[in-house]
Each structure stands twice: as C-alpha cells, then as structure tokens.
Amino acid sequence: MAGAEPGVWTERMQTALVRGLRGNQWFSLIDKVYADRTLELAWAKVRSNAGGSGVDHITIARFAKDCSRGLLDLKEQLRKASYQPRPVKRVWIPKPGTKEKRPLGIPTVRDRIVQTALRMVIEPIFEHRFAEHSYGFRPGRGCKDALRRVQTLLNEGYTWIVDADLKAYFDTIPKDRLMSRVEERIADSRVLALIRGYLDQGVMEELTRHEPTDRGTPQGAVISPLLANIYLDPLDHLLAACGVELVRYADDFVLLCRSEDEAKAALARVQTWVSENGLTLHPEKTRLVDATQPGGFDFLGYHFERGYRWPRRKALDRFKDKVRELTPRQSGESMEATITQLNDMLRGWFGYFKHSHRTTFPRLDSYIRGRLRAILRKRAGKRGRGRGADHQRWRNHTFDALGLFSLMQAHATVRQSPC
C-alpha cells in the first residue's frame with residue numbers, strides 16, 4: 001500500500017484503511033508515532049538525508065554519537081505529551097532564475113525525527129484518498145510521471161492550457177482551515193496537538209529573533225509537503241468531478257482542456273475555489289495558453305510548445321551556471337579531472353531532460369567544449385574564449401578521447417532504443 005511503511009503500519013491497520021472506519025476517523029495514533037521501531041526508522045531517514053543543524057546547533061553527527069539516548073528522550077517526551085517543537089531556523093536561498101531569495105525553514109534534528117515519524121504514521125491515511133493526478137511528494141510518484149501525463153494529454157488534443165501559479169502557497173495556507181481538513185480523518189487529540197505545534201512553532205532568523213507565524217507551513221519541514229497536499233486535495237477532486245484534466249505537482253499545476261471556452265471555465269472554477277480557501281493566484285503568472293501556437297508554457301523545468309518540449313529558459317540558465325562553475329579558466333585541475341566532474345553533472349541533467357527536442361543538445365555540447373577550450377587557451381598564455389583557430393587546435397574528438405559525455409550522442413542512443 002502506497003506510503004505504508006513496513007514496521008509502522010501493521011497488516012491490521014492496512015486492512016482497516018482499505019475497508020474504512022466508522023466515521024472515517026482514526027483514533028489512538030500517538031503510540032504508533034513514539035513506538036521504538038517508528039523512531040528508529042525516522043532517525044535512519046533523517047540521517048540519510050543529512051542537512052544542517054537547527055536553532056539548537058545539534059548536527060546529525062552530534063546526535064548520532066548518542067542516538068539511543070536521544071531517541072529514548074523523544075519517546076518519553078511524546079509519551080508524556082511534554083514534547084515541544086523548537087522554532088525553525090530561517091535561511092534565505094537564491095530563487096533560480098531571479099535575483100530574489102526565498103525562505104527555507106530548517107527544523108532541529110530532533111524535530112525532523114519526530115516529523116518523519118509522524119509523517120510515516122499519518123501519510124497512508126490521506127494518501128489512500130488523494131486524487132490520481134497529484135504527483136508531488138507522494139510515494140512512488142515524481143516529476144517524470146507528471147510530465148508523461150502532460151505529454152499524453154497534449155497528444156490527445158488537450159492543447160488549451162490554464163497555466164496556474166499559487167502565490168507564496170506554502171507561506172499562506174490558512175492554518176485553521178488546514179487543521180480542519182486534517183481533523184476530518186484524524187481524531188487523536190495528541191497527534192493533532194503535535195501537528196498544530198509544528199504549524200505554530202515560529203521561526204528564528206539569524207538566531208536572534210523569534211517570529212510567530214499565523215499562516216503557512218515552513219518550507220523545509222518534513223511534514224510540510226504532506227500538509228500542503230492535504231489542503232489542495234479538495235481542489236483536485238472538484239476539478240476531476242467537473243471533467244477537467246489536472247496535473248499537479250505540489251503547488252505547481254496545469255489544467256489541460258480541448259477548447260478555449262473549456263479553459264476559461266476551468267480557470268473560473270479555480271479562481272473561485274482559491275479565493276474561498278484563503279489563497280491567491282499570481283495575477284502575472286496565471287494565464288491561458290494555446291499550446292499549438294508560439295509562446296507555449298513551462299512546467300516542471302520543461303517548456304512545451306507546438307508539439308515539442310525542451311528545457312525552460314531558467315533551466316538552461318542554471319545548466320550554464322553550473323558548467324561555468326565547473327570550468328573556471330584559472331582551473332588548476334587536470335583536463336581529465338575537470339571532465340570527470342562535468343560528466344557527473346551532465347549525466348544527471350540528461351537523465352531528466354533527455355526527452356527534449358533533438359536541437360537542444362548540439363548547442364549545449366558546443367557550449368561545454370567552448371568552456372574547455374577557454375581553459376586550454378588560458379594555459380597556452382592567450383586571452384579570451386576558445387573560438388576560431390582553437391576549434392582546429394582542439395577538435396571535438398580531443399574531448400571525446402578524454403571521455404567527455406556528449407548530450408547529443410546520448411540523445412541519439414535514447415532515440416534508437418526500442419524502449
């Protein structure tokens with residue numbers, strides 16, 4: 001069963017989930033949260049995910065030195081209802097493709113462990129009824145599944161798109177309404193108090209100022225993606241009941257329709273629901289698009305237009321930024337070492353964007369070789385970029401011989417594959 005962690009969800013619980021409960025509510029869940037096996041599994045997940053320390057400065061490595069004692073303390077605090085989440089440490093990270101920064105919340109290690117344990121216990125309760133075409137942060141689903149669904153619908157003639165954007169979604173979810181939706185399925189007061197504690201834990205910036213929060217779930221918190229999906233699930237079911245094709249990945253979603261009129265009607269339904277539920281559609285980023293005409297739309301890193309797709313502009317900019325980072329002209333690394341580092345990045349990037357139009361890859365290969373020629377030109381005592389005669393001095397096969405991963409050749413191989 002999706003989301004049901006072995007060792008946490010017993011066979012009896014899974015049977016009850018399938019058959020349904022009286023009143024559709026679950027009682028007596030807190031003991032599953034603080035069970036030894038649950039906390040041990042949660043700690044293993046937190047440890048494997050790594051991450052920084054929170055406001056208490058306790059790192060993964062420090063907690064690991066006496067993890068048995070740490071887990072026992074958490075168990076007792078949860079059992080006695082004395083556990084209190086610490087404020088989230090707020091850090092600001094670059095927003096890709098812009099000069100803006102977005103907030104990221106970093107809970108303490110102990111809070112991440114309890115949140116993970118809590119998520120493992122309650123996730124199957126909601127996952128069991130989540131809508132089919134919601135893909136973000138769900139067990140066994142991911143970006144590629146969402147992209148395949150979009151492409152399938154485009155191929156079937158659903159080419160009028162509502163490209164929707166929820167403004168600051170994670171930061172603006174109304175907490176009381178969110179808790180009401182959680183309470184529809186969970187009646188354990190101690191579990192509900194635990195969830196409310198995370199929503200109310202506030203943030204600390206620069207470890208000097210505590211700010212209570214009245215809306216939203218902190219981005220970076222383990223439990224936030226599940227709570228965000230719970231809040232949007234009624235919208236998923238509403239649109240499905242109206243016959244609207246929706247593909248959603250967390251707060252990023254598109255509606256696919258067969259005509260402009262259908263798209264306008266679908267957008268109106270979304271606008272009404274969003275307004276009634278305390279959210280806001282971004283006025284500049286929400287629009288109707290005819291995918292058969294120039295312009296197209298972006299979704300999950302891809303740009304879709306006139307039957308083709310390729311990396312969106314921001315994705316290409318990030319790609320080039322990463323290549324520049326790995327190929328500084330003053331590099332003291334050998335060319336072989338530089339190419340090895342490049343290859344690791346290129347294989348991962350291609351794994352996601354390999355379904356782009358074939359014209360995408362030759363240009364990027366050329367850009368990469370140009371960066372490598374600039375390094376060689378610098379070492380030869382010359383200035384500027386590698387161009388002109390440098391293409392004769394360091395031909396493409398020079399880099400092929402050094403094992404440089406070719407995006408164009410990899411794409412050709414994928415196209416020839418029977419799969």
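That block above? That's the structure.
This structure is a prediction, so every number in the text was calculated from the model and none was measured.

## Brief notes about the overall build of the protein
Right, on to step 1. The helix and strand tally for the protein stands at 18 helices and eleven strands.
Right, on to step 2. With the C-alpha coordinates aligned to their principal axes, the bounding extent of the protein is approximately 75 × 60 × 45 Å.
Right, on to step 3. Within the protein, the proportion of its 419 residues that are buried is 48%.
Right, on to step 4. Pairs at least 24 apart in sequence give 71% of the contacts found in the protein among residues at least 6 apart.
Right, on to step 5. Accessible surface, the protein: about 21,000 Å² in total, of which carbon and sulfur atoms supply 48%.
Right, on to step 6. Side chains of the protein carry 71 positive and 50 negative charges; the gap between the two charge centres is 7 Å.

## Quick word on the side chain of E305
Right, on to step 1. Note on placement: E305 falls in strand β10 (residues 302-305).
Right, on to step 2. According to the relative accessible area criterion, E305 is buried, its value standing at 9%.
Right, on to step 3. A polar contact of 2.7 Å, which involves the side chain of E305, links it to the side chain of R306.
Right, on to step 4. The residues touching E305, leaving out its near neighbours within four places in the chain, are A291, Q293, P294, G295, G296 and W310.

## What about the packing of aromatic side chains?
Right, on to step 1. In this structure the tally under the stated criterion is 15 aromatic pairs.
Right, on to step 2. With a centroid separation of 5.1 Å and an interplanar angle of 50 degrees, the aromatic rings of Y302 and F353 are classed as tilted. Highlighted residues: Y302 in strand β10 and F353 in helix α14 (residues 335-353), separated in sequence by 51 residues.
Right, on to step 3. With relative accessibility at 0%, the residue Y302 sits in the buried group.

## With respect to the pattern of salt bridges
Right, on to step 1. Scanning the model with the defined rule gives 22 salt bridges in all.
Right, on to step 2. Between R79 and E76 there is a salt bridge, and its shortest N-O distance comes to 2.7 Å. In this pair, R79 and E76 are both assigned in helix α5 (residues 67-79), three residues apart and thus about one turn of the helix distant.
Right, on to step 3. Under the relative-accessibility criterion, R79 is labelled partly exposed at 39%.
Right, on to step 4. Note that E132 and R141 form a salt bridge whose closest N and O atoms lie 3.4 Å from each other.
Right, on to step 5. Taken together, the salt bridges that share partners define one network made up of K175, D176, R196 and D200.

## Regarding the nonpolar core
Right, on to step 1. Core analysis: the largest hydrophobic core is formed by 74 residues, its most contacted members being I113 and I122.
Right, on to step 2. A per-element tally of this core places helix α6 (residues 109-127) first, with ten residues.
Right, on to step 3. Contacts of I122, omitting those with residues within four sequence positions, involve I186, V191, I195, I223 and L226.
Right, on to step 4. Listed in part, the 46 residues of the second largest apolar core include L147, A315, F350 and L404.

## A word on the packing of helix α3 (residues 36-49) against α6
Right, on to step 1. Running from N to C, α3 and α6 point in directions that differ by 120 degrees, and their axes come no closer than 8 Å. Taken together, the axis directions place α3 and α6 in an arrangement best described as oblique. The element α3 and its partner α6 pack so that their crossing is right-handed. Contact with α3, carried on its side by T38, L39, L41, A42, W43, K45 and V46, involves V109, R112, I113, T116, A117, R119, M120 and V121 of α6 and no other residues of that element.
Right, on to step 2. When the residues that make up the contact of α3 with α6 are grouped by side-chain class, the tally is ten nonpolar, two polar and three charged.

## Quick word on the side chain of R309
Right, on to step 1. The residue R309 is located in strand β11 (residues 308-311) in this model.
Right, on to step 2. Buried within the structure, R309 lacks any salt-bridge partner; its nearest side chain of opposite charge belongs to D145, at an N-O separation of 11 Å.
Right, on to step 3. Reaching out from R309, the side chain makes a polar contact with the side chain of Q151 at a distance of 3.4 Å.
Right, on to step 4. With sequence-adjacent residues up to four places away left out, R309 is seen in contact with L147, Q151, Y302, H303, F304, H355, S356 and H357.

## Comments concerning the sheet that holds β10
Right, on to step 1. As summarised here, the arrangement of the three strands in space is β9-β10-β11, forming an open sheet in which the pairing is antiparallel. In this open sheet, the two edge strands, each paired with only one partner strand, are β9 (297-299) and β11. Strand after strand, the sheet turns through a mean of 30 degrees between neighbouring axes, direction not considered.
Right, on to step 2. Where β9 meets β10, three bridges bridge the pair, whose relative direction is antiparallel. From the neighbouring strand, F297 faces β10, where its bridge partner is F304.

Reading guide: rules and limits
Residues numbered from 1 in each chain as written. Predicted model: local features only at pLDDT ≥ 70, side-chain atom pairs only at ≥ 80, totals over all residues. Heavy atoms only, no water. Helix = DSSP H or I, 4+ residues; strand = E, 2+ residues; numbered from the N terminus. Buried < 20%, exposed > 50% of the residue type's maximum accessible area, 1.4 Å probe, protein only. Contact = heavy atoms within 4.5 Å. Areas by Shrake-Rupley, 256 points an atom, 1.4 Å probe, with all protein chains shown as cover. Lys, Arg positive; Asp, Glu negative; His and termini not counted. Charge placed at Lys NZ, Arg CZ, Asp CG, Glu CD. Polar contact = N/O pair within 3.5 Å; in protein donor to acceptor, adjacent residues only side chain to side chain. Phe/Tyr/Trp six-rings, centres within 6.5 Å; stacked < 30°, edge-to-face > 60°. Salt bridge = Lys/Arg side-chain N within 4 Å of Asp/Glu carboxyl O. Core = buried A, V, L, I, M, F, W, Y, C linked by side-chain atoms within 4.5 Å. Axes fitted to C-alpha atoms, helices over the stretch in contact; angles between N-to-C directions. Parallel < 35°, antiparallel > 145°, perpendicular 65-115°, else oblique. Left-handed = near helix turned anticlockwise from the far one by under 90°. Nonpolar A, V, L, I, M, F, W, Y, C, P; charged D, E, K, R; others polar. Pairing = 2+ DSSP bridges.

So far we have only geometry, and geometry alone does not tell us how the molecule works.
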